[in-house]
Every structure is written in structure tokens, then in C-alpha cells.
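# Inside the fold
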Amino acid sequence: MERALLQAMQTLPNISLINHCFVIDLITQHHLGYLVTKSTLNIRCYGVYVLNLESNEIEKIISKVTVLATGGNGQAYRTTTNPIIATGDGVAMAYRAKGRIENMEFIQFHPTALFQPGESPSFLITEAVRGDGGILRNKFGEAFMERYDERRDLAPRDIVARAIDNEMKKNGTEHVYLDCRHMPLEKFIHHFPNIYQKCLSVGIDVSKDMIPVAPAAHYSCGGIKTDEFARTSIKNLYACGECASTGLHGANRLASNSLLEAMVFGHRAYLNSIEIFDNNDASSPDYIACSEADIPDWNAEGTRDPKEMILITQSLKELQQIMSDYVGIVRTNVRLTRAIKRLDLLFEETEELYRSTKVSPQLCELRNLISVGYLIVKGASFRKESRGLHYNTDYPGKSSIKENIIL
Ligand SMILES: Cc1cc2nc3c(=O)[nH]c(=O)nc-3n(C[C@H](O)[C@H](O)[C@H](O)COP(=O)(O)OP(=O)(O)OC[C@H]3O[C@@H](n4cnc5c(N)ncnc54)[C@H](O)[C@@H]3O)c2cc1C
């Protein structure tokens, strides 16, 4: 999909691609000196501040329409299948700009990532392997899924992930096994050539050895709240892809729906935003005229070059530990309360660092991940029920809550 889009773009002279820019924040009327709070009506987006990674300067990009398509936030967890860019930047930016965020508690954990401590992102062992006959076993070799669900290894993702989590906690292990030894090898190689090769590369021969697997953060169902045309609560700002919460995934995404959603809502954002280009925004009563000259330049006064990267890398590790230990597959009220206290401290320390240090992608990503962590914990704490991907042992049943939780 990416290749096709990039190729098509090259044939269209009206599209310019700006590379090597890291987006820091959305520009709204807040930057024109107006007070913007969560209850401000008609917050409007005028573009973004970006860090040009080649010149190391912070620039303004003013735009009639802005679309956030910044991907997921799996890097908030210690183990994730997500790429290193999945740091929830769009969600955090929209939140800082006082946009509506919802359903952040619905983090999907893929049940079977290859267990390789320290490897990020984790290598995914697709559930098609279980579809073809792979069996999950605990450290005693027991096929444990039959104790959890009559569909056994083919139960939905959240049920399998919780079962694995429980087996690991019960037996004090860091992983379980996926047993493919009984599957015809030729067929396995034909269906899963990459998995076969990856396992071999780390010394696992699937015809003789069981594959060590553990759940990993995989997909964020929630995000920036949009309507059916990808419009966010902020005027002229659209969101699509994993950073958006279109409502399509509910509390538990079905496999393979996310790319479809990204395509449909990306297209809808385009269809809907044509109106903004065609209509003159200036006729609306709340319009505030804004040109590049009106937007202040980025103020880096009083900041200095970062001296100790350890402050950033260690805080990131702490965040991932807090999120994995307290806000993972199974949650409790006590764990959530503890998580929020720990996050508060990390937030304060990082904001202090942000105020005094020259902006870098690493620092911004840490800051964004802390906001995302906060939003996940808050969403999880407000939801007094277990539903889909959110499971709290203090509220094991579903409640009649119909509304999504908006943060
Ligand atoms: C291992 C794996 C397997 C999957 N398999 C499937 C599948 O089979 N079917 C399916 O439907 N889904 C699948 N998914 C989910 C799906 O791939 C993702 O949800 C989807 O790719 C997200 O697309 P996106 O365009 O929203 O974000 P991404 O593709 O992550 O793109 C986000 C882009 O935004 C850029 N960006 C982020 N922050 C900034 C910033 N501050 N400044 C500038 N640029 C920024 C990033 O560099 C990146 O280029 C899978 C996910 C994983 C991890």
C-alpha cells in the first residue's frame, strides 16, 4: 500500500513531499494568544510546528487542512510488535491542543509474539499458524487453552492473550510455547516462509522445537475521536489510521480491519476536506484570520543542548515498565492507582526537561508516550466494567455503559 501510494504521488505535481521533518505540535488559536480550554467551542487548527531534522530548526507549516496519520502507540509498552515510531505523537498532540480523545484503554495485545527479550519490535507469529494446527502449551507441555475456552487455540485474541498471561503468572514464566512439531513441515514452510526463516535464524527448528511466545502490545483501538468523515473535534483537523478512533473497532479490533479502516477514512478525509478548500472559511462567525506572520516563531529561549540522554532513555524504560506491569492485559484498581502516581512523577520530570532542553524527537516522543500512558490509565480507571480488550478483575462483568469514555 505504501509503495503504491508513494509511486502514485510522484506522478502528481500538486503534491510535495516534505521529508526529514518531525511534527512537534498542532497550531491553534492558542498560539494567536486566545485562551483555549477543553470547553472552547470551535478550536481551529492552522497547521503544525515541525523540527526540520536537517537544519535542526523549528519551522511553521501553515495549512487550511491538517490530517494526522501518525500511527499507533505500542512503544508505551515493554514488549510490542509496533515499529519504533509508534509513540502516539498524533494522539498526544491532539490532546495537548484540547481535542477529544476516546477509548484509549482498548489496547490489543497480540497473543503470540516470538519471545526474544530486548528485541523491539517483537516478531509476530501470525494466528494463522494456530489456524493451521499450532497448539499453545505451558512449561509443563499442557495444551492449556481447553481450560479457558471451548474454541481452544482459536478463541478470540483477547481471550487467548489473557489465558497466556494467566499461565505465565501462575507458573512464573516469561513465555509459553507454540507447538508446531506435528504440522507437516513442507506445508509450514510454504504457508509461513518468514516465520520458518526467522525461527531458524534464532536457532529454533519448528519441526523439532517449540516456539517460545508471549503477548505483545499490538494495536490501539482508541485515539483521536473522529466522525464518519475522519473529522476530529478540532476544526480543519482530520485523523485517520491507527491514531484515530473512528468507532469502527469498538472495544476489540478484528484482525486485518485496521488497514481497511485507514484506507476508507483516509479517503473520506480527502473527500470531506475538499469543501474546506472550496469554501471560504472567513465567512463563518468564529473565524480568526491567520497568516504565517501571525503565528509566533517557536520560542527556544532558555533551553540548552541535551547533556544526558540517560534521562530520556531511563524514563522511557520506566514508562514501559509501569504500563506493562500495571496497565497490561489484566488490570485492577490498585494497579491503575499505582500507575497514575508513578506517571505523575515521570510527567513532572519530563516537562521540566522539556522546558529546559532543546527539542529533539527522542524527548518529544517520550513526552508524547507519557501523555498516551496517562490517557490509557485514565480511560481504564473510568471504565468500571470489563469489556473487549479492557479487563479489570475488580469488575469482571460487562456493565450497561453505552457511552464511550471521552478524555
Ligand atoms: C506486525 C504487525 C502486523 C500487522 N498486521 C496487520 C494485518 O495483517 N492487517 C491489518 O489490517 N493490520 C495489521 N496491522 C496493523 C496495521 O499495520 C497498522 O494499524 C497500520 O499500519 C497503521 O497505519 P498508519 O498509517 O495509521 O500508521 P503508520 O503506518 O505507523 O504510519 C505512521 C507514520 O507517521 C509518521 N509519524 C509519526 N509521528 C510523527 C511525527 N511526530 N512527525 C512526523 N512523522 C510522524 C511515522 O514515521 C510513520 O511514517 C499490523 C501491525 C503490526 C505491527
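Owing to the predicted nature of the structure, the values given are computational and were not obtained by experimental measurement. All residue numbers refer to position in the chain's written sequence, counted from 1. Only residues with pLDDT of 70 or above have their local features reported here, since the model is predicted, and side-chain atom pairs are shown and tallied only from 80 upward, although totals for entire chains, interfaces and linings are computed over all residues. Hydrogens are left out, water is left out, and the side-chain values use all remaining heavy atoms of the structure.

## What to know about the site of the ligand
We call a residue near a molecule or strand whenever a single non-hydrogen atom of that residue lies within 4 Å of it. For the ligand, the set of nearby residues contains 21 residues, the closest of which are Val23, Asp89, Glu242, Ser258 and Leu259. In the environment of the ligand, an oxygen atom lies 3.5 Å from a nitrogen or oxygen atom belonging to the backbone of alanine 69. Side-chain atoms alone can form a polar contact between residues adjacent in sequence; in general such a contact is a pair of N or O atoms within 3.5 Å, and within protein one must be able to donate a hydrogen while the other accepts it. Within the contact set of the ligand, an oxygen atom lies 2.9 Å away from a backbone nitrogen or oxygen of leucine 259.

## Looking at the sheet that holds strand β5 (residues 101–102)
By the convention used here, strands pair only if DSSP detects at least 2 bridges between them. Only runs of H or I of at least four residues qualify as helices and only runs of E of at least two qualify as strands under DSSP, and these elements are numbered from the N terminus. What the 3 strands build is an open sheet, ordered β5-β10-β12; its pairing is mixed. What marks the edges here is a single partner per strand, and that holds for β5 and β12 (244–245). Pairing of β5 with strand β10 (residues 223–225) involves 2 bridges; the strand directions are antiparallel. Bridge assignment links isoleucine 101 to a residue of β10, and that residue is isoleucine 224. The contact criterion used throughout is that any non-hydrogen atoms of two residues lie within 4.5 Å. Interaxial angle, 0 to 180 degrees, is taken between N-to-C directions of lines fitted to C-alpha atoms, where a helix line uses only the stretch in contact. Contacting β5 and β10, helix α2 (residues 89–96) crosses the sheet at an angle of about 45 degrees to β10.

## Quick word on the sheet that holds strand β9 (residues 211–220)
Strand order in the open sheet made by the 4 strands is β6-β9-β8-β7, with antiparallel pairing throughout. Looking at strand neighbours, the two that pair on one side only are β6 (107–114) and β7 (135–137), the edges of this open sheet. Going across the sheet, the axis of each strand differs from the next one's by a mean of 45 degrees, ignoring polarity. As defined by bridge partners, β6 adjoins β9 across 6 bridges and the pair is classed as antiparallel. The residue of β9 that forms the bridge with glutamine 108 is tyrosine 219.

## Some remarks on the pairing of strand β3 (residues 57–62)
Across 6 bridges, strand β2 (residues 47–52) lies against β3 in antiparallel orientation. Counted as the bridge partner of leucine 51 is isoleucine 58 from β3. Connecting β2 to the antiparallel partner β3 that follows it, the hairpin turn spans 4 residues, and asparagine 56 within it adopts a positive phi of roughly 65 degrees.

## Some details on the packing of helix α8 (residues 309–326) against helix α9 (residues 333–356)
Where α8 contacts α9, the two axes come as close as 10 Å, and the packing angle between them is 165 degrees. On the basis of their axis angle, the class for α8 and α9 is roughly antiparallel. The two elements α8 and α9 meet at a crossing, and its hand is left-handed. Contacts between α8 and α9 involve Leu311, Ile312, Ser315, Glu318, Leu319, Ile322, Met323, Asp325 and Tyr326 from the former and Arg335, Leu336, Arg338, Ala339, Arg342, Leu343, Leu346 and Leu353 from the latter. A class-by-class count of the residues in the contact of α8 with α9 yields 11 nonpolar, 1 polar and 5 charged. Here is the rule for angles: anything less than 35 degrees is roughly parallel, anything more than 145 is roughly antiparallel, 65 through 115 is roughly perpendicular, and the remaining ranges are oblique. Helix crossings fall into two classes, left-handed where the near helix is turned counterclockwise from the far one by less than a right angle and right-handed where it is turned clockwise. Each residue gets one of three labels, nonpolar for Ala, Val, Leu, Ile, Met, Phe, Trp, Tyr, Cys and Pro, charged for Asp, Glu, Lys and Arg, and polar for the others, Gly among them.

## Observations regarding the domain arrangement of the protein
What fixes the domain bounds is an automatic or database domain assignment. Domain parsing of the protein yields domain 1 (2–107 + 219–278) and domain 2 (113–215). The C-alpha-based centres of domain 1 and domain 2 are spaced at 34 Å. Accessible area, probed at 1.4 Å, shrinks when two parts are joined; the buried area is that loss added up over both. For the pair domain 1 and domain 2, the two sides together bury roughly 650 Å², of which 46% comes from carbon and sulfur. The largest share of the area that domain 1 buries against domain 2 comes from Thr79, Thr81 and Asn252, three residues that together contribute 51% of it. At the junction of domain 1 and domain 2, the tally comes to 2 residue pairs in polar contact (both at pLDDT 80 or more). Considered class by class, the residues forming the side of domain 1 that touches domain 2 number 2 nonpolar, 6 polar and 1 charged.

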